[in-house]
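Report on the structure
Chain residues, written in single-letter form:
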Amino acid sequence: MAARYDRAITVFSPDGHLFQVEYAQEAVKKGSTAVGIRGTDIVVLGVEKKSVAKLQDERTVRKICALDDHVCMAFAGLTADARIVINRARVECQSHKLTVEDPVTVEYITRFIATLKQKYTQSNGRRPFGISALIVGFDDDGIPRLYQTDPSGTYHAWKANAIGRSAKTVREFLEKNYTEGTIATDSEAIKLAIRALLEVVQSGGKNIELAIIRRNQPLKMFSAKEIESQVVDIEREKEEAEKKKSKKTI
Amino acid sequence: MAATFFGEVVKVRSRAVTEEEEEEEEEPWARDNLEDKEVRQELEKKREVEVLQTQTKVSLEIPLLEQYPCSKFIIAIGHNAVAFLSSFVMNSGTWEEIGCTKLWNEWCRTRDTANLSPTDAFCVFYRLKSDPTIFLCQCSCYVAEDQQYQWLEKVFGSSPNRNLQITILTSRHVTDYKTPESSCNLPSPFLKALKTQTFQDAACCTLLEQPNIVHDLPAAVLSYCQVWRIPAILYLCYTDVMKLDLVTVEAFKPILGSESLKGLVKNVSHGTEILKKLVTRNEIQSNIYT
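Residues numbered from 1 in each chain as written. Chains lettered and ligands numbered in written order. Predicted model: local features only at pLDDT ≥ 70, side-chain atom pairs only at ≥ 80, totals over all residues. Heavy atoms only, no water.

**What to know about helix 5 (residues 216-227) of chain B**
All names here are of chain B. Cut-off, in case you're wondering: Secondary structure elements follow DSSP: runs of H or I no shorter than four residues count as helices, runs of E no shorter than two count as strands, and numbering proceeds from the N terminus. Expected span of a helix, by definition, is 1.5 Å for each gap between consecutive residues, and there is one gap fewer than residues. In this analysis, two residues are considered to be in contact whenever any of their non-hydrogen atoms come within 4.5 Å of each other.
The end-to-end C-alpha distance of helix 5 is 17 Å, a good match for the 16 Å that twelve residues give at a rise of 1.5 Å each. Check the buried side of helix 5 and you find it contacts strand 4 (72-77), strand 7 (134-139), helix 4 (145-155), strand 8 (165-173), strand 9 (190-195) and strand 10 (232-239). Within two residues after helix 5, R229 carries a phi angle of roughly 55 degrees, on the positive side.

Here it is, written out as structure tokens:
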């Protein structure tokens, strides 16, 4: 049945599916995992770094991008589509600042991106954007925000979420481990993001990239050393927890 | 004779079969001329499946499993299944290559079809040195529908030995899996099994439910085994990543504890290390998805 209704984006199937949008969601699953966590005073974005070819310059493969000083996003899916969406969002951030003399709110820019994506699900001759995005930042009121958009153009606020390959596994981990306790401090929130990624990332901390935004501070990208030290801490804590558990059973 | 809507009169073939079938005169353009016959013969020859013996580099005259006695045959079809066997089974023992199939079809990447070298033939047969009745087949090429029967004939023969057990591993895209659940809720990758009537052991996972069907070479092998009452089991991994992918290959791990691979896998952690290297090495450096 799908064969007759999946060619044109503007055609609904008899049971109400827009197959091109659903196929675009499959394209998102081909991208590596990205996780976003909203803490009390911090927002964290962690991504699985894709391994880069020997001769390729690593700097050109970036999954976490700043949209403005106080907003950044991570995406999963088609790289080229992401570039277009990010450029449009960045222009919109500056245009808003010039026009209204206020920086965009996280919700505003998320709505802008989602509206852009939705337009492409309703135009003839175009296909949907094959990316999902996690947008994080702080508004002027100092409240941390995390939003997720998908190829259909919907957006929702989340406490924590994951997109890309193995997103389901990471989301299940977050549902079990996201508590008021685990996001009480900044370092706990960062550790939670790294632990969530370690569930699905092969070869540990080497393949993780992390970015944080603290209230009234610009985006900070973690260096490989900083991530490695966090991973070492996490592994030590895990060992200690296991020792305690085995002592209890004895 | 019949008239069409446009007023032309066309000759209609009658479905009535009479004892004396009249020789109908064909139009000149419908007659098979010599050139057509030659082209067809050339194409048939091009699509022939041959099994080349590694030692002698000569095409086997008799089927592979008639040439070599076999008690256990494990077949991996597709990149992920091949990577699984390479990492976990082939590194746990010494396997010698005994043959490979030489075949060509439209999906083959090789241009020179006249002189396919064994390195181009992606279907290789191995035998365990410590137990020469255990065979392994690594098949990462596509065997077209018209070639599947030839492949079976050249490998199994037309009267196979029933005292052999066959295990087939393959993968398929999760969108082919028919279920009332939404594909977003499926825990892909996941394993399903399908076995022949004579296969007595338990499967390592749930059986494939109706109305799902198996396709291509795995289906051909399983059908063959069902017809000849050979115990065989197919493990099918439904995945959302069709190219070589670590998560998909690891989904085959439950099979390591099965009767089929009993005694063939020694060091699972070493196998995992080898698999990681294999995946990193083979990762297509495509930057389309990030």
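**Structural notes on unusual backbone geometry**
Residues and elements named next belong to chain B. Note the cis peptide between Q210 and P211, where omega equals 0 degrees. Here P211 is to be found in the loop between strand 9 and helix 5. Residue D216 is not a glycine yet carries a positive backbone phi of 55 degrees. Summarising the element assignment, D216 is placed in helix 5.

**Let's talk about the packing of aromatic side chains**
Applicable threshold: Aromatic contacts are taken between Phe, Tyr and Trp rings whose centres are within 6.5 Å, Trp giving its six-membered ring; a plane angle under 30 degrees counts as stacked, one over 60 as edge-to-face, and the others as tilted. For the exposure calls, accessible area comes from a 1.4 Å probe over protein chains only, and a residue counts as buried if that area is under 20% of its type's maximum, exposed if over 50%, partly exposed in between. Lysine NZ or arginine CZ positioned within 6 Å of the ring centre and within 35 degrees of the ring normal marks a charge as sitting over the ring.
Per the counting criterion, the structure on display carries 16 aromatic pairs over all chains. Between the aromatic rings of F19 of chain A and Y23 of chain A, the centroid separation amounts to 6.0 Å while the plane-to-plane angle is 35 degrees, which identifies the pairing as tilted. In this pair, F19 of chain A and Y23 of chain A are both assigned in helix 2 (residues 19-29), four residues apart and thus about one turn of the helix distant. Ring geometry for Y177 of chain B against F190 of chain B: centres 4.9 Å apart, planes inclined by 70 degrees, an arrangement best described as edge-to-face. Of the two residues, Y177 of chain B sits in the loop between strand 8 and strand 9 while F190 of chain B sits in strand 9, which places them 13 residues apart along the sequence. For the pair formed by Y177 of chain B and F190 of chain B, the shared burial category is buried. Ring pairing ties together the aromatic residues Y68, F73, F125, F135, W151, F156, Y224 and W228 of chain B, which thus form one cluster. Taking the ring centre of Y120 of chain A as reference, the NZ or CZ of R126 of chain A above it sits at 4.6 Å.

**Things to note about the side chain of T149 of chain A**
Residue and element names in this part refer to chain A. As a reminder, the rule being used: Counted as a polar contact is a pair of N or O atoms within 3.5 Å, where, for protein atoms, one must be capable of donating a hydrogen and the other of accepting one, and residues adjacent in sequence contribute only when both atoms are in side chains.
In this fold, T149 is placed in strand 6 (residues 144-149). Of the residues examined, T149 reaches a relative accessible area of 0% and is grouped as buried. A distance of 2.7 Å separates polar atoms of two side chains, one belonging to T149 and the other to K117.

**Focus on the interface of chain A and chain B**
How we decide: For any pair of parts, buried area is found by adding up, for both, the accessible area (1.4 Å probe) each one loses once the two are put together. We define a salt bridge as a contact between a side-chain nitrogen of Lys or Arg and a carboxyl oxygen of Asp or Glu at a distance within 4 Å. Residues are grouped as follows: Ala, Val, Leu, Ile, Met, Phe, Trp, Tyr, Cys and Pro are nonpolar; Asp, Glu, Lys and Arg are charged; all remaining types, including Gly, are polar.
Taken together, the contacts link 20 residues of chain A with 18 residues of chain B. Area buried by chain A at its contact with chain B is led by K30, K50 and Q202 of chain A, which between them contribute 29% of it. Between R165 of chain A and D245 of chain B there is a salt bridge whose closest N-O contact spans 3.7 Å. The tally of links between chain A and chain B comes to four residue pairs in polar contact (both at pLDDT 80 or more). Elements that contribute at least two residues to the side of chain A that touches chain B include exactly helix 2 and strand 4 (71-77) of chain A. Considered class by class, the residues forming the side of chain A that touches chain B number six nonpolar, seven polar and seven charged.

**A few points about the sheet that holds strand 10 (residues 220-221) of chain A**
Residues and elements named next belong to chain A. Going by this rule: Two strands are said to pair when DSSP picks up at least two bridges between them.
A sheet is described by the order of its strands in space; here five strands give the open sequence 8-1-2-9-10, paired in antiparallel fashion. Because the sheet does not close on itself, it has two edges, and the strands there are strand 8 (160-163) and strand 10. The pairing of strand 9 (residues 208-214) with strand 10 spans two bridges and is classified as antiparallel. Within the sheet, the bridge partner assigned to A211 lies in strand 10 and is M221.

**Quick look at the nonpolar core**
Residue and element names in this part refer to chain B. Keep this limit in mind: For the purposes of this section, nonpolar cores are sets of buried Ala, Val, Leu, Ile, Met, Phe, Trp, Tyr and Cys residues that join through side-chain atoms within 4.5 Å.
Ranked by internal contacts, the top residues of the largest apolar core, which has 44 residues, are F73, I75, F125, W151, F156, I166 and V221. The dominant element in this core, judged by the number of residues it contributes, is helix 5, at seven residues. The contact partners of F156, leaving out residues within four places of it in the chain, are P63, L65, E66, F73, I75, W151, I166, V221 and Y224. Within the second largest apolar cluster, 39 residues are counted, among which are L85, F88, C237 and L278.

**What about the pairing of strand 6 (residues 123-128) of chain B?**
Residue and element names in this part refer to chain B. Counting buried positions along strand 6 yields six of six residues, so the element is predominantly enclosed. Burial of strand 6 is two-sided: the residues C123, F125 and R127 facing one way and the residues V124, Y126 and L128 facing the other way are all buried. Of the strand pairs in this sheet, strand 5 (residues 95-102) and strand 6 are connected by six bridges, and their pairing is antiparallel. Considered in strand 6, the bridge of C100 is made with V124. Across five bridges, the pairing between strand 6 and strand 7 is antiparallel. Paired with V124 across the two strands is Q138, which belongs to strand 7. Count of turn residues in the strand 6/strand 7 antiparallel hairpin: five residues.

**A look at the packing of helix 4 of chain B against helix 5 of chain B**
Packed helices, taken two at a time, are described by the angle between their axes plus the distance between the axes. All names here are of chain B. In plain terms, the rule: Working convention: axes come from line fits to C-alpha atoms, limited for helices to the stretch in contact. Angles between N-to-C directions cover 0 to 180 degrees. Should an angle lie under 35 degrees it is considered roughly parallel, over 145 roughly antiparallel, and from 65 to 115 roughly perpendicular; all remaining angles are considered oblique. By definition, turning the near helix anticlockwise from the far helix through less than a right angle yields a left-handed crossing, and turning it clockwise yields a right-handed one.
The interhelical angle for the contact between helix 4 and helix 5, taken along N-to-C directions, is 50 degrees, at an axis separation of 10 Å. Our classification of the angle between helix 4 and helix 5 gives oblique. The element helix 4 and its partner helix 5 pack so that their crossing is right-handed. Across the interface between the two elements, Q148, W151 and L152 of helix 4 pack against D216, L217, A220, V221 and Y224 of helix 5. The residue inventory of the contact of helix 4 with helix 5, partitioned by class, reads six nonpolar, one polar and one charged.

**Digging into the environment of A196 of chain A**
All names here are of chain A. The topology assignment puts A196 in helix 6 (residues 186-198). Put simply, A196 and E172 are 24 residues apart on the chain and 9.3 Å apart in space, counted from C-alpha to C-alpha. Filtering out sequence-adjacent residues up to four positions away, A196 remains in contact with V35, V170, F173 and L174.

**What to know about the pattern of salt bridges**
The tally for this structure, following the rule as stated, stands at 21 salt bridges over all chains. Notably, a salt bridge pairs E237 of chain A with K191 of chain A, separated by 3.4 Å at the nearest N-O pair. With E237 of chain A in helix 7 (residues 224-249) and K191 of chain A in helix 6, the pair connects residues that are 46 residues apart, well separated along the chain. Judged by its relative accessible area of 36%, E237 of chain A falls in the partly exposed class. For D176 of chain B, the salt bridge goes to R172 of chain B, with nearest N and O atoms at 2.7 Å. When its relative accessible area of 23% is taken as the criterion, R172 of chain B is described as partly exposed. Linked by salt bridges that have partners in common, D139, D141 and R145 of chain A make up one network.

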